[in-house]
Every structure is written in C-alpha cells, then in structure tokens.
Amino acid sequence: MSGGLRTQVGQLARRSVLRTMRQPAQIVPSLIFPLFLLAVNSGGLKSATNLPGFPTDSYLTFALAVPFMQGALFSVMNTGTDLARDIETGFLNRLALTPLRGAALLSGLLAGAVVLGVVQAGVYLSVGLIAGAELAAGFGGALVIVALSVSITVAFGTIGLFVALRSGSGEAVQGLFPVFFVFLFLSAMSLPLDLLETDWFHAIASANPVTYLLEAFRSLLIEGWNIGDLALGFGIAAVILAIGMFGASRALKTRLVRT
Amino acid sequence: MSTDVGEQAGIEVEGLVREFKNGPRAVDGIDLRVAPGEIYGFLGPNGAGKSTTVLMLTTLLPPTAGTARVAGFDIASEGPKVRGAIGAALQEAALDPLLTGSEHMRLQTALHGLAKAERVERGRELLTRVGLSEAADRKVGGYSGGMKRRLDLALALVHRPRILFLDEPTTGLDIQSRTALWDEVAGLASEDGVTVFLTTQYLEEADALANRVGIIDHGHIVAEGTPAELKAEIGRPTVEAVPRDPADQERVQRALQPFGERCGATHRGGASVLLAGGESQLADVVRALDAEGIAIEQLQLHAPSLDDVFLAKTGRSLEGAGDEAAEADSEEMEVVQA
C-alpha cells in the first residue's frame, strides 16, 4: 500500500471509528437486542437439549452463536446508513473533490465495523460465559471467535456499503434489516441442521450460508477445534466480503461520476 | 497543489450543456470567461442552472456537450488536475456533525496530501482565519449556520487552491454572518489573488462582491458584465409610490402607467414604474398623483438594480422567478443525485 493510500485509509478509518464511538445509539441496541434474544431463547428452548442428537446439554452455549450473527446485521445497518448519510448531505462530494481513491473510502468506512465487531464479540462472549455458557476451545477459541465475528461483521458491512452506494438512501439500507432477519430465521438458528425434520426448512437451512457461519461459532463453543467448520465459516465470510467489495466498488464508480 | 498552468489561468467555458434524462437542459450552451483573480458572480433564481454549472466545472458531473477549462485544465479529460487546482464549498455545508472543526481540518489536509508536519499548522491557521479557533474542538453539530459555512470555506482552502467555487455560500445566513463571509471572500481575491466563482440568488451579494456578473435563467446566460455596466444598460431609474390607504394601490398604478414601462404593483402595497424620461420626470409623477387626490405614504426613486437588469432580460423579477422555478430545481437536483 502506498504512503498516500495508507494515509487516506488511516484518516477515513479514524473518522469511521470516531463516528461509531460517538453514536451510542448505534452501539447500545446492537449489544442489548441480541443479548435479550439470547436470554429469551436459552430460557424458552432449554428442553431442546433433550432431543436425541442435540450436541450439548447447555442450550445457552448452543444459542450463544446467534448474537454474533445478529451483531453483524447491525453492522450492515450502521455502515450503510453512515455512507448513505454522507451521500445525502454532500459529504461524499467533498471527499470526491480530494485525490481520494475509492479503495481508501471503502476500507476506511469498514474500520468502524471492525471496532463494532470487536466490541460486540467481546461483550457477547463475556456475558455468555458469565451466564454459564461453555467454551470448549478455551482462550485461543475466544480469540478466533472474535476474529470470526469481525470477519463476518466486515463482510456484511460491505453489503450495507453496496446498498448505500446504489440507492443513496438511508431508508433503503434500513430496509435490509428484515430481509437479513429472514435469512437468520431460515437457518439452523434454533436447532442443529440435523435435527430440522421439516423437509423444506431443512433444505433452505442447508442452502443458507448463515447456517455454516453459526456452525463455525458453535464448533468452538461446543466441540473445540473443528478445522473443517472453521474453514467453511471463514471461507463464507471471505466470499461475502469479496462479493460485497466488488459490488460496492462498482457502485462507487457509478456514484462518483467525477471526470 | 496548484501548478504553474493553474496560476496563470482562470475559467473558460464554451457551449457547455448538461442534459438530464427526461428533463429539460439544465444548462443550455453557456459561454463565459473568468480572469485570474476575478470574483465572478453567477446570479440566477433556483433552478436556473447555477449548481449544475458548478458541479460540471468542479468535475463532479460530466457535461453533455461543450468544453470548459478550469485553471488551464480540461474538465472532461483532466479531472484530477482540475481538482488539484480548485477548492469548492458546494450548496449546503457538507460537514460531519459528529466531528469537530479540527478533525475536519485534519481529514481534509490529509486527503489533500499535505505533509504530516504541515497538517496541524495549516488547519490551525485556517480555523483562525475564519474565526473558528475557539470552536475548533467542538463538534460541528453544535455550530451555527454561519460557523458551518466558515468551516466549509476553510476546508475548501486547505490545499491553497487558485480557484474557488462557492455555491450559494450565504443562503440561509443572517446578515451579520453573510457580511463576515463576504469580507473573507473579498480578502481571498484581493490579498491572495484567488479567482472566485460565486453562485448566488442574492442581488446584493453579487452587487457587493463580484467584479463581473453573469445572469443565468433557464440554463442560458441572459446578461454578463460588471454590475455597473449591467445597470447602465438599463439606465433609467424606477419610481415607487406607496399610498397611505392600501385600497388606492390600483389607482396609483393607473397614475404611474403613462410615465414609462413595466408598471406594476409592489410587495409594499404600492406601484412602481421604470421612468421613460429618467429622474427629471419625478416632479410630473408627484403632480399626477396629487391630481388624482391620492395621499402618498412613501415616494422613492430607485437607481437601477441587478433585479431591474434581470427583469429587463427575462421579463420576471428575480425573487418571483425563484419561487416559480423551485419545483423545477428540486427535480433537477434529484437527477443530479441519481
């Protein structure tokens, strides 16, 4: 990375992090809402652990994977909404008048998502462990969980950037939230994939990448080190990141029509 | 940073056109020249094509046809060089409410490639220049409209541009803030030799600041020259009479009718007429009103203004034209954003 590009990424990353830290209204719901759902689900679905083949006797441990995914969904909203606001207010035009490179803009904007991802992962994991969840992979596993959480948060963040650049509207970005939630509910969120007996639901959950992201977290929480599940989880995050970045870069070129 | 070419050249525009999908030509073949160090006022109502012209000249919107050179560089093929030579404060101060003034300066200086050691110094110098040093560490969300505009101006100057584009820089500001900004802009041109391209819908702003004025309406430049030249074209003064009894407004209008052209009601409840025979007719006007038995509250002789020029060239008053074109303008800007 050249010095100029490094400076641009660094400065935009700084702005993105400052913006994130100065908007408690962005951070707090993304911490509280998933933990609230975790408390409700782990209390209400406790008896699911009695099902033959359920991988653990602690539903809390099983369900702890879900907040990481919900946190990533908040990242889509926050990253996309911030960029949409920049477009709406003309701040993007201000940036466009500088020798700013597109790659620097996108990378810088995602820096806020990285910070949010680290904070979210740390809080979810800490609260989960305090509440009695297990972490089979130990301290090293905790670090990998944070890394996976950040990867997914950033990957999903690129989708927020893409929609913001295509639409230029914060409302359009907000409209993604229910769509992503449907993806989450149509995954192995509440039960392991093998225990989903309804054919159509099993088929959809099997094809839904969110299932494998959840399984990557669960492998560390329940089993210990399952390289196959982890590789699949990180691989899916990388593919989403690549697709999201490609789409966002194309959309940025269309949005910034500067000559 | 500006280059040698940029230092010798101003703005040259020939046949510039911008057409939007399913819409009229927002800018319809304009020609203009702005000399280095000159303040050029681009005057027109909302929707006239001012902002579209600025977006094209600042390389943020490709022209449909025509050519323009800014600081000696072609806006279509040498965009990065143009951007290196210009500064711009576009319509509505585009600032981040969550960042402080200093943080804005830090970001802008870094993105413009200033050396690390120079960034803090340049930021401090510009914030002091625009009178924001005390508010430098406050979040911009708490700034007044005038402070935001001044910060906007400071941000446009970080890389020492030779040409500055200001798109309606004082819209929505109180008179004190407006005057402070005028002083700053005038100083930039007179002390630093910066060429200023200023769009405005305020006649007094163009009159007070601009060395030359271009009047744009429906995408066409309808008049161009120094404010004095343009007013001299009109040449004749306007007399306005306001009756003591507002019910007499029509009678006043009828009494003034024979003295010249463009006789009409005024927003103050009176009537005005462009005197065909100049100010020597004033005595005759008084006698005519007296003969009609109309009690007059105020009688004023107005020297020609830029509004008279606009009226003469377009048949409409600038203020009225703004209201009329507001809808067209919002449609135009939607297309720009799309």
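Parameters and conventions
Residues numbered from 1 in each chain as written. Chains lettered and ligands numbered in written order. Predicted model: local features only at pLDDT ≥ 70, side-chain atom pairs only at ≥ 80, totals over all residues. Helix = DSSP H or I, 4+ residues; strand = E, 2+ residues; numbered from the N terminus. Rg over C-alpha atoms; globule rule 2.2 N^0.38 Å. Buried ≥ 20, exposed ≤ 12 C-beta atoms within 10 Å, placed from the backbone. Contact = placed C-beta atoms within 7 Å. Domains from an automatic or database assignment. Nonpolar A, V, L, I, M, F, W, Y, C, P; charged D, E, K, R; others polar. Pairing = 2+ DSSP bridges. Axes fitted to C-alpha atoms, helices over the stretch in contact; angles between N-to-C directions. Expected span 1.5 Å × (residues − 1). Core = buried A, V, L, I, M, F, W, Y, C linked by C-beta atoms within 7 Å. pLDDT = per-residue confidence, 0-100. Bend = angle between axes of the 7 residues up to and from the residue.

Draft legend 1. Region of the structure containing the overall build of chain A. Helix and strand content of chain A: twelve helices and zero strands. Walking chain A from its N terminus toward its C terminus, one meets helices and strands in the order α-α-α-α-α-α-α-α-α-α-α-α. Computed over C-alpha atoms, the radius of gyration of chain A comes to 19 Å, within 12% of the 18 Å expected from 2.2 N^0.38 for 259 residues, which places it in the range of a compact globule. In terms of overall dimensions, chain A has C-alpha extents of about 65 × 40 × 30 Å along its principal axes. Of all 259 residues assigned to chain A, the portion counted as buried reaches 45%. Intrachain contacts of chain A at a sequence separation of at least 6 include 81% that bridge at least 24 residues.

Draft legend 2. The overall build of chain B, seen in detail. In terms of helices and strands, chain B carries 13 helices and 14 strands. In terms of overall dimensions, chain B has a C-alpha envelope of 75 × 45 × 35 Å along the principal axes. The buried share of chain B, taken over its 338 residues, is 48%. Looking at chain B alone, contacts between residues at least 24 apart form 69% of all its contacts between residues at least 6 apart.

Draft legend 3. Spatial organisation of the domain arrangement of chain B. Segmentation of chain B into domains returns domain 1 (4-225) and domain 2 (236-303). Computed from C-alpha coordinates alone, the two centres of domain 1 of chain B and domain 2 of chain B are separated by 41 Å.

Draft legend 4. Spotlight on the interface of chain B and chain A. Residue-level contacts link 24 residues of chain B with 24 residues of chain A. At the level of elements, α3 (79-85) and α4 (101-111) of chain B are the ones that each hand at least two residues to the side of chain B that touches chain A. Sorting elements by how many residues they give to the side of chain B that touches chain A places α4 of chain B first, with four residues. Taken together, the residues of the side of chain B that touches chain A sort by class into 14 nonpolar, six polar and four charged.

Draft legend 5. Fine view of the environment of Ala9 of chain B. Residue and element names in this part refer to chain B. Positionally, Ala9 belongs in the loop between α1 (4-8) and β1 (11-19). You can call Ala9 buried: it has 21 C-beta atoms within 10 Å. Note: C-alpha distance between Ala9 and Ala154 (145 residues apart in sequence) is 23 Å. For Ala9, the contacting residues outside a window of four places in its chain are Pro36, Arg69, Ala71 and Gly72.

Draft legend 6. The sheet that holds strand β6 (residues 86-89) of chain B, seen in detail. All names here are of chain B. Within the open sheet, the six strands sit side by side as β6-β7-β8-β3-β9-β10. Their pairing is mixed. Edge positions in the sheet fall to β6 and β10 (220-225), since each of these pairs with one other strand and no more. On average, adjacent strands in this sheet sit at an angle of 15° to one another, irrespective of strand direction. Its contacts with the sheet put helix α6 (residues 145-156) on β6 and β7 (163-167), and the angle it makes with β6 is roughly 165°.

Draft legend 7. How the structure looks around the environment of Leu57 of chain B. Residue and element names in this part refer to chain B. If you trace the backbone, Leu57 turns up in helix α2 (residues 50-57). By C-beta crowding, Leu57 is classed as buried, having 26 other C-beta atoms within 10 Å. Along the chain, Leu57 and Thr226 lie 169 residues apart, while their C-alpha atoms are 22 Å from each other. When near neighbours in sequence (up to four residues on either side) are disregarded, Leu57 contacts Ile11, Ala68, Val70, Ile75, Phe165 and Phe197.

Draft legend 8. Up close: unusual backbone geometry. Residue and element names in this part refer to chain B. For Arg160, which is not a glycine, the phi torsion comes out positive at approximately 55°. Within the secondary structure, Arg160 sits in the loop between α6 and β7. In this structure Arg160 comes out as partly exposed when scored by C-beta crowding, with 14 C-beta atoms within 10 Å.

Draft legend 9. Representation of helix α12 (residues 227-255) of chain A within the structure. Residues and elements named next belong to chain A. The first and last C-alpha atoms of α12 sit 41 Å apart over 29 residues, in line with the 42 Å expected at 1.5 Å per residue. Buried residues of α12: Leu230, Gly233, Ala237, Ile240, Gly244, Met245, Ala248, Leu252 and Arg255, and no others. Buried positions along α12 lie against α6 (102-131), α7 (138-167) and α11 (209-223).

Draft legend 10. Main features of the nonpolar core. Core analysis: the biggest nonpolar cluster contains 148 residues, and Val70, Val196, Phe197 and Leu198 of chain B have the highest contact counts within it. If one sorts the elements of this core by residue count, α7 of chain A sits on top with 13 residues. Sequence-distant contacts of Val196 of chain B, defined by excluding residues within four places in its chain, comprise Ile39, Tyr40, Leu164, Leu166, Val185, Leu188 and Ala189 of chain B. In terms of nonpolar packing, the next biggest core, distinct from the first, is built from eleven residues, Val239, Ala241, Ala255 and Leu274 of chain B among them.

Draft legend 11. Seen up close, the pairing of β10 of chain B. Residue and element names in this part refer to chain B. Of the pairings in the sheet, the one linking strand β9 (residues 212-217) to β10 comprises five bridges and is antiparallel in character. Along β10, the bridge assignment pairs Asp217 with His220. Counted along the chain from β9 to the antiparallel partner β10, the turn is two residues long, and its residue His218 has a positive phi close to 50°.

Draft legend 12. Spatial organisation of the confidence of the model for chain A. Residues of chain A with pLDDT of at least 70 account for 98%, and the chain-wide mean is 91. Looking at the elements of chain A, mean pLDDT is at its lowest for helix α1 (residues 3-21) of chain A, recorded as 87, and at its highest for α11 of chain A, recorded as 96.

Draft legend 13. Geometry of α11 of chain A. All names here are of chain A. Taking 1.5 Å as the rise per residue, α11 with 15 residues should run 21 Å; its terminal C-alpha atoms sit 20 Å apart, in good agreement. Largest kink in α11: about 30°, centred on Phe217. Taken across its 15 residues, α11 has twelve buried, putting it largely inside the fold. Looking only at α11, the buried set comprises Val210, Thr211, Leu213, Leu214, Glu215, Ala216, Phe217, Arg218, Ser219, Leu220, Leu221 and Ile222. In this fold, the buried residues of α11 make contact with α3 (59-63), α4 (65-89), α7, α9 (176-185), α10 (199-207) and α12. Backbone geometry just after α11 places Gly224 at a positive phi near 120°.

Draft legend 14. Examining the pairing of β9 of chain B more closely. Residue and element names in this part refer to chain B. Judged by how many residues are buried, β9 sits mostly within the fold: six of six residues are covered. By the alternation rule, side chains of β9 split into Arg212, Gly214 and Ile216 and Val213, Ile215 and Asp217, which are all buried. Pairing between strand β3 (residues 39-43) and β9: four bridges, direction parallel. Looking across to β9, one finds that Tyr40 is bridged to Arg212.

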